[in-house]
Each structure stands twice: as C-alpha cells, then as structure tokens.
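# Chains, contacts and geometry: an overview
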Number of protein chains: 2
Amino acid sequence: MTVVVQKYGGSSVADADRIKNAARRVGKAKDAGNQVVVVVSAMGDTTDDLIALAQQVTERPRDRELDVLLSTGELVSSTLLSMALENLGYKAVSLTGAQAGIQTDSAYSRARILRVDASRIISELERDNIVIVAGFQGVTHDMDITTLGRGGSDTTAVALAASLGAEVCQIYSDVEGVYTADPRLVPEAMNLKEIGYEEMLELASYGAKVLHPRAVELGQLYGVTIVVASSFSNRAGTTICKEASMEVRNKVRGIAHDTNVAKITVVGVPDHPGIAAAIFEPLAKENVSVDTIVQNASINNITDLTFTVARTDLPRAMSLMEPLLKSIEAKQCITDSTLAKVSIVGTGMQNTPGYAARMFRTLHEAGINIQLITTSEIRITCIISEDKVKDAVGALHKAFELEKA
Amino acid sequence: MTVVVQKYGGSSVADADRIKNAARRVGKAKDAGNQVVVVVSAMGDTTDDLIALAQQVTERPRDRELDVLLSTGELVSSTLLSMALENLGYKAVSLTGAQAGIQTDSAYSRARILRVDASRIISELERDNIVIVAGFQGVTHDMDITTLGRGGSDTTAVALAASLGAEVCQIYSDVEGVYTADPRLVPEAMNLKEIGYEEMLELASYGAKVLHPRAVELGQLYGVTIVVASSFSNRAGTTICKEASMEVRNKVRGIAHDTNVAKITVVGVPDHPGIAAAIFEPLAKENVSVDTIVQNASINNITDLTFTVARTDLPRAMSLMEPLLKSIEAKQCITDSTLAKVSIVGTGMQNTPGYAARMFRTLHEAGINIQLITTSEIRITCIISEDKVKDAVGALHKAFELEKA
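As the structure is a computational prediction, the values presented were derived from the model and not from experiment.

## Quick notes on the overall build of chain A
Scanning chain A from N- to C-terminus turns up 11 helices and 18 strands. Its C-alpha atoms give chain A a radius of gyration of 23 Å, near enough to 22 Å, the size a compact globule of 405 residues would have. Taken over the C-alpha atoms alone, chain A extends approximately 75 × 50 × 30 Å along its principal axes. Across the 405 residues that make up chain A, the buried fraction comes to 50%. Long-range pairs, those at least 24 residues apart, make up 74% of the contacts in chain A between residues at least 6 apart in sequence.

What follows is the structure, given as structure tokens:
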C-alpha cells in the first residue's frame, strides 16, 4: 500500500471548522486506498500566544523550557484532528514528536533531526490507523523535548515522508502553490505546475514563503516528491521534484523578492589580510547571517566594504560593529534599511548568457537604480530601493514573459 | 538534604502574577536548604477550556486523545513556573509526567499510578535543580500519555513525596486548610492545626474539598506527612498525618456537609434473596456510585429499599431503574433531589458512646427532620432536607464545641 504524508499549516487548523475541513481532506486520501500520515502545525496564532505568555513571566525564557511550552501547540491540534477523524468514522491516533520517533540533537529552539525511528508509526498504520503527528517537535537522546525552529513542521513532514518511503508529501497551507511572482504584486503571476528543488530553494529563500527551504533541502537529499497546495481549494498546487519536465519550462521560472534587507557599509577600512575575518567572525558567532558581501577596489590601501543582513538583525549587527570599528581602524559605518532584493530564478539560466543583461536593462528602463548585485548558479539578485519593489517585480515578470508560463 | 514536595493548584498558577508568586514561595523552600520538587495543576480554567475545544470537534472525544490534549495544560504551567524560577535566579527544570517517571495503567482519563521511577528527578535534584513536574499525567508501558482523573495532581504530589522519601508534601490552593466546618456556613469555624488521615478522608469525601481523598489514601498508605495551606497567605495550614496529637484534640474534629445528594426509594419490592444484587449490579456496571442503603423491615415479604446517589448521577440511575422495576416486580420508584448530608467526623468517637445521641438531639432541637442515617467507625451522617443544611451545620458545630477547638 502506498504511504501519503500530508502536512497542514496553522491557518488550515486554526479553529474547529477548519480542523473538520482538514479531516475531510485527510479522509479522502485514506478512502483512495493509501496509508496516511498527517503532520500538523499549531492552531493559528497559538505559538505566538504561548511566546507572549512566557514573556509575561520572564523576558528571557530558557530555550529548554520554551521548547516544552511551544510543543504543546502541536499536541493540541494533533489530538483535535484525530478526534475529528474519529467523528467521521475513521480510525486515527495522534502521536507526539517523541512517540513518532523524531530524534534530534539538543539544540533547543532550533534542533536538527538526527534520525527517525518510524516503528511506532508503521505499527499504527498496520492497525489501519490514520496517524497524526505533532509537527515542529522532537526528542533528544535524554528524552527531552525539542522544537525544530522555523519551518519545523514542514521539515517533520518531509523527514517522515523520506523515512516511510512515501509516494508524496503534500504540504497544505492557505497558499495555492508556487507562483512566478507574488500575486499581490503581479496580478498576472502564474501558478507553477512543477518546479525543481534548487529553483524552489532560491525562490523560497528569497521571499516566496510557501515552504521552508530546510524542508526543500531535505526533500532534495532524499528525493521526496513534495506538493504544495491550499487546504481551502481543490486546485492541484505545485509539485516540487527532481527535475521539472524539459519542454514546458521557461528558462526563468519565477521572480522572488524580499524586503527584510538592510545594508551596512564599513567606510575607510585598511585593506590588509584578515580584515574580512575580523569583521565577519564576530557576526557569525552571534548568529547574524550575512548575505551579499561586496568589497570595492582599494585606493591607497583603503577600501570600503558593504554587506547586507536581515533588517530584523540590523540592531544586533550594529551593536557588534560599533566596538569593532576602532580595533580594525575603520572610519565609520553607514546603514540603510530601506532596501529590498529582487531575484530572477531558473535552472535554465546557467548555460545561457544574456539573462543578467536583460535583468539590468529591464530595471534601468523602469528607472530603478541597482545598489548591489549578487548571483548564484540559478539566480541573479539585485538590491534596490524598497519603494521600487512592485515596479521591479512587475517589469521583470513581463520582460521574461512569465505571464505566458 | 531533606526533600520537600510542593503542589500548586490551578488557582495558585492562574496567571503570570500568580505564577511569580508561587515561584517566590518555591524559592523560599529552596533557600531554607531543601531539595524541592514542585507539582503543578493547569492554569485556572485551562482544563475546562480544552474540554470545550474538543467538544467543538466531536461530541464524544476518545479518551486516549483527550488525555494527550488535557495533559498540555500542566505542561504549560510547569514550564512557566520553571521560567519564573530562573528569572528569580534559581536553577529549575520542568519535567513531563513521563519524564518524571509516573508510570500508570492504560485506563485513559482515570489512570492509576503503577510505580514511580524517580531516577530522572533525583539526578536533576543532584544537579541542584528545582524540579517542576506536570501534575495529573503519566505514561503507560507503551509510552502513551494518560491522565489520572479527578484529584490527579494531588495524587502525583503525594506519590512523588512517597517515592522520594520527602519530609513533607505541601498542597497549596486558595483554601487555608481544613476547618471544623465550612466557614461560609459557620463563621466561627476554626482552622485545624492537625488531622489524621482517616478523619481527613471522611471530611474530604463528605464535602470539604481541600484535598482529594485518593491523595489522602495514598498518603496514609506510605505515611506521607501532608500540609494543606493557601498559596495566598502565610498561615500554617493543616497538617495531615498518622495521628493527631492526643491532648489537643476534641473527640469530634469537624462537621462535613454535601449537597450533591439524591434519594431513590424502590417501593413494594418482593423480599427474596438476590434482590439487592439485581438492583445494585446494573448501577455499579454503569459507574453510578451508591452511597447510603437502607432496607426497611419487610411486611408480608414486601419491603421498601432506599438508597442515595450523587444528585448529578440521578438521571443516569433512573434510566437504569425504570426498566428494572418490572423484572424485579417492584411497585414504583420515588426520588427526592432536595436532600443533603451532614456528618460529624472524629476518630475519638468510636470508643465513646453518646455522640450519635447528641447529634440526633441537636438536630431535633433545631427542628430538623432526619430522613436516613448512616455511620462509619469515625463518622455519623444524617440525610436531611437541603434547605436545613446551614442550620444543621451551625447547630452541630456549637453542640460539639468546635469553636473552642
């Protein structure tokens, strides 16, 4: 019998009616003759509410305790979905992360899955149960409860699909799949039928918040076919798999954007070996993720060094940079937090010249100034002013003919 | 080092401020040089809210799933108390029922503790941690989560105190201990300094809702000294132990009352062997607890049989009795749900005659009619009209001079 893994996000189980709706969808998969494993997120804003509760007690809750607290959100939704299935006449059983065999390291609040011991799930499936697993959580070797951090439930679902050899891992949220661009910015944006893991990674990392990159990476590693769809419609959604079919694809698959961007420029840095390490090591140590880095040609051994961080990390980054300026003998730091990224993404680009040029010309013709450029094999990103994002995404969508995808 | 177990009820951890208040109280016990284990109930009305949530999904939630759902309430309060303690500078760690080694049978919703494996608690205490245990929950041999039913957190606390050889088990609620009568009925009621397990059992079973009888029984079995006190005051509360000191005690220790009483009289029952079994077996099978049973002397082999049940069980009891009447060839059933029990309780009574007589005279002089009488070794109970309860308790409190206790 084939195994299907489904994952329902917080908005898909936000209240009793939505849980019943999810139960009907789960039931259909069971009726179709599959063994069904379901992973759930916490209901709606539960996780935020629990964090707020913790902060009423202490400003700095300890990660170990916070993880147990947050893990209760998924226990609640998993038991309710199990009850809703029983109410529809299905046999169902809910399992905690620990019971489902999600074994992690002990990095509380951002634990990594070490292995999945699926024996309990398998025996429940053999008893003809639909198995509901609390997402986002696992257990350490010492039986302490951990949470997996952002994208945790997506990761749980893909990890279970991998270890169960599931035919497909269906990720349900309130989004109908992956689009050629954000439909709120570009009304003509098209829903993609298929997309490759790497393209999805670039799109998801750069602002298309449909599926967490971590889950995509895991899917790629184990070759799990992932379908991203909405639990509120019957549209097929987007299939993420090894290789999108060759014929129907456009070289550029989508336009991503991200407004969580801030730029830091260190001015007047003496250009000697070790200077980059001196700047970036302290940032790395404090978990500030640095994105684009650009160093200008140096004049008289003095250079400027520019990099971007998430805007939400800017205060933390600057608190580290200020004491650093003196020790590296730099002149000053300039920041700009009114920026955004726009990217074109597609595996087809790498062997074909001219994409970058067309992107730059398009932005130029739209009167948009490019501040920084960064590229990967399947992505070209420009940093531009935040207030130009809508114009940029629209112009690029048109230039690369994505409305005809 | 001595171990102290403290238990905080739902009202003592109902919000962030009360949790901080409980944390200060826990901290004091630690400062005094003890190893401290704390058991918590769910915050305020959490358990009722979770049950209501389940009922939005299905009218008959399955016990296994409901237990996981309800167990989250105590996980939340235990982590918050742990955080509050850390915030005050104490080392603390929260444990689930499973982690705390509370091993139960698999009777979901009313599981019994089979054994406590306290090894994890002990190793956390040795690391100088205050250990916060989620009450009301345990785990089966198959690692499934159970809840202990009514009085569950009290039972968790006493079980841990027994297995850790704790010096004392302190039960904190919003009640200042055990009184000679309900202070809402008798303003002169006195707080008892000490009380024996059996007296406490009779008082608690008969309406003094301070500590669940199940926890008292467990305390008696393992000789755990239990202190019942309020988390909102500094009064010493009541110590429940093997034997109250001999000198200071009055023969009658307290007056209990209970208004959750209904009477069923089966009229015109043929008096032959097996008739009682025929009536009470069906009730027992459906978990209807029968209290007082009185059978009148039979005339011409026809008798009347009267018994009491909890008023909340009356509809269920009657739905069983009605089909039964025909099969046992009884005439009819008469019910009365405007009744109450008043009891005098005290170990001193059993060897001293005259208590019953004084009770009956007191009620008679107060113009109160006695409908049924039932006694145990340390208790005499009269069933009276519900509207006479306040008068009865007041008169008995005065007659046995409890205001001078």
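## Some thoughts on the domain arrangement of chain A
Per the domain assignment, the segments of chain A are domain 1 (3–174) and domain 2 (255–404). Taking only C-alpha atoms into account, the centre of domain 1 of chain A sits 37 Å from that of domain 2 of chain A.

## Structural notes on the pairing of strand β11 (residues 226–230) of chain A
Taken together, the 5 bridges between strand β9 (residues 168–173) of chain A and β11(A) define a ladder with parallel strand orientation. Its bridge partner being in β11(A), Cys169(A) is matched across the sheet by Ile226(A).

## A few points about the relation of the copies chain A and chain B
Here the second copy of the chain follows from the first by a rotation about an axis and a shift along it. The transform that puts chain A on chain B rotates by 179 degrees and translates by 0.1 Å along the axis, for an RMSD of 0.3 Å. On this basis, the relationship between the two copies can be described by a two-fold rotation axis. When each C-alpha of chain A is compared by its distance to the rotation axis, Thr72(A) comes out closest, at 2.9 Å. Counting the interface residues of chain A, we find that 100% of their copies in chain B are interface residues as well, pointing to one common contact surface.

## Things to note about the packing of helix α2 (residues 46–57) of chain B against helix α3 (residues 63–87) of chain B
Between two packed helices, what matters for the description is the angle formed by their axes and the separation of those axes. Residues and elements named next belong to chain B. Where α2 meets α3, the closest approach of the two axes is 9 Å, and the angle between their N-to-C directions is 145 degrees. Crossing angle aside, the handedness with which α2 passes α3 is right-handed. Each of Thr 46, Thr 47, Leu 50 and Ala 54 in α2 lies in contact with α3, whose residues at this interface are Leu 66, Leu 69, Leu 70 and Gly 73. Taken together, the residues of the contact of α2 with α3 break down into 5 nonpolar, 3 polar and no charged.

## Brief notes about the sheet that holds strand β6 (residues 130–134) of chain B
Residues and elements named next belong to chain B. Here 8 strands make up an open sheet; going across it, the order is β3-β6-β2-β1-β9-β11-β12-β10 and the pairing mixed. Where the open sheet ends on each side, the last strands, each with one partner, are β3 (92–95) and β10 (194–196). For this sheet, the mean inter-axis angle between neighbouring strands, taken without regard to orientation, is 20 degrees.

## Observations concerning helix α4 (residues 119–126) of chain B
Given 3.6 residues per helical turn, the α-helix brings residues three or four places apart onto the same face. Residue and element names in this part refer to chain B. Among the residues of α4, those classed as buried are Ile 121, Glu 124 and Leu 125. Down the axis of α4, the buried side of the element spans an arc of 100 degrees, and every buried residue falls inside it. The exposed residues of α4 that point more than 90 degrees off its buried face are Ser 119, Ser 123 and Glu 126. The inward-facing, buried residues of α4 abut β2 (35–40), β3, β6 and α5 (152–164). Looking at the residues trailing α4, positive phi occurs at Asp 128, about 70 degrees.

## Points about the interface of chain A and chain B
The partner chain B presents 26 residues to the 26 residues of chain A that form the contact. At the level of elements, α1 (16–31), α2 (46–57) and α3 (63–87) of chain A are the ones that each hand at least two residues to the side of chain A that touches chain B. Per-element tally for the side of chain A that touches chain B: the top contributor is α3(A), with 13 residues. When grouped by side-chain class, the residues that make up the side of chain A that touches chain B number 14 nonpolar, 8 polar and 4 charged.

## Some words on the environment of Ala92(B)
Residues and elements named next belong to chain B. As for its position among the elements, Ala 92 is in strand β3. Put simply, Ala 92 and Ala 107 are 15 residues apart on the chain and 31 Å apart in space, counted from C-alpha to C-alpha. Beyond its immediate stretch of four places on either side in the chain, Ala 92 contacts Ser 82, Leu 85, Glu 86, Asn 129, Ile 130 and Ile 132.

## Some details on the environment of Thr338(B)
Residue and element names in this part refer to chain B. Considering the arrangement of structural elements, one finds Thr 338 in strand β16 (residues 332–345). Sequence separation of Thr 338 and Val 178 is 160 residues, and the distance between their C-alpha atoms is 27 Å. The contact partners of Thr 338, leaving out residues within four places of it in the chain, are Ser 385 and Glu 386.

## Some remarks on the pairing of strand β18 (residues 379–385) of chain A
Residues and elements named next belong to chain A. The element β18 is extensively covered by neighbouring structure, given that 6 of its 7 residues are classed as buried. Across 7 bridges, strand β16 (residues 332–345) lies against β18 in antiparallel orientation. Directly across from Val 345, in β18, lies its bridge partner Arg 379. Of the pairings in the sheet, the one linking strand β17 (residues 372–376) to β18 comprises 5 bridges and is antiparallel in character. Looking at β18, one finds that Leu 372 is bridged to Ile 383.

## Things to note about the sheet that holds strand β14 (residues 290–295) of chain B
Residues and elements named next belong to chain B. Pairing is antiparallel in the open sheet, where 6 strands are placed in the order β14-β15-β13-β16-β18-β17. Two strands lie at the open edges of the sheet, namely β14 and β17 (372–376), each paired on one side alone. Recorded for the sheet is a direction-independent mean angle of 30 degrees between the axes of neighbouring strands. The pairing of strand β13 (residues 254–270) with strand β15 (residues 302–309) spans 7 bridges and is classified as antiparallel. Opposite Ala 262, over in β15, you have Val 309 as the bridge partner. This element, helix α8 (residues 275–285), spans β13, β14 and β15 of the sheet and lies at about 125 degrees to β13. Against the sheet, helix α9 (residues 314–327) touches β13, β15 and β16, its axis set at about 135 degrees to β16.

## Details of unusual backbone geometry
Of all residues except glycine, most have a negative phi; of all peptide bonds, most are trans. The phi torsion at Phe136(A) lies on the positive side, around 75 degrees, for a residue other than glycine. Structurally, the position occupied by Phe136(A) is in the loop between β6 (130–134) and β7 (137–139). Located in the positive-phi region is Asn301(B), a residue other than glycine, with phi close to 65 degrees.

## Observations concerning the confidence of the model for chain A
Overall, the prediction assigns chain A a mean pLDDT of 90, with 96% of residues at 70 or greater. In the model output, the complex is listed with pTM 0.83 alongside ipTM 0.80.

## Focus: the environment of Tyr8(B)
Residue and element names in this part refer to chain B. Tracing the chain through its elements places Tyr 8 in strand β1 (residues 3–8). Residue classification places Tyr 8 among the buried residues on the basis of 30 C-beta atoms within 10 Å. Sequence separation between Tyr 8 and Ser 231 is 223 residues; the distance between their C-alpha atoms is 7.6 Å. The contact partners of Tyr 8, leaving out residues within four places of it in the chain, are Val 13, Ala 22, Val 38, Val 40, Ser 41, Tyr 172 and Ser 231.

## Comments concerning the packing of α3(A) against α3(B)
Where α3(A) contacts α3(B), the two axes come as close as 9 Å, and the packing angle between them is 165 degrees. By the angle between their directions, the pair α3(A) and α3(B) is classed as roughly antiparallel. Once α3(A) is placed against α3(B), the crossing between them reads as left-handed. Mapping the contact onto sequence places Glu65(A), Val68(A), Leu69(A), Thr72(A), Leu75(A), Val76(A), Thr79(A), Ser82(A) and Met83(A) in α3(A) and Glu65(B), Val68(B), Leu69(B), Thr72(B), Leu75(B), Val76(B), Thr79(B), Ser82(B) and Met83(B) in α3(B). Looking at the contact of α3(A) with α3(B), its residues break down into 10 nonpolar, 6 polar and 2 charged.

Reading the values: the criteria
Residues numbered from 1 in each chain as written. Chains lettered and ligands numbered in written order. Predicted model: local features only at pLDDT ≥ 70, side-chain atom pairs only at ≥ 80, totals over all residues. Helix = DSSP H or I, 4+ residues; strand = E, 2+ residues; numbered from the N terminus. Rg over C-alpha atoms; globule rule 2.2 N^0.38 Å. Buried ≥ 20, exposed ≤ 12 C-beta atoms within 10 Å, placed from the backbone. Contact = placed C-beta atoms within 7 Å. Domains from an automatic or database assignment. Pairing = 2+ DSSP bridges. Least-squares fit on C-alpha atoms with pLDDT ≥ 70 in both. Axes fitted to C-alpha atoms, helices over the stretch in contact; angles between N-to-C directions. Left-handed = near helix turned anticlockwise from the far one by under 90°. Nonpolar A, V, L, I, M, F, W, Y, C, P; charged D, E, K, R; others polar. Arc of directions from axis to C-beta. pLDDT = per-residue confidence, 0-100. Parallel < 35°, antiparallel > 145°, perpendicular 65-115°, else oblique.

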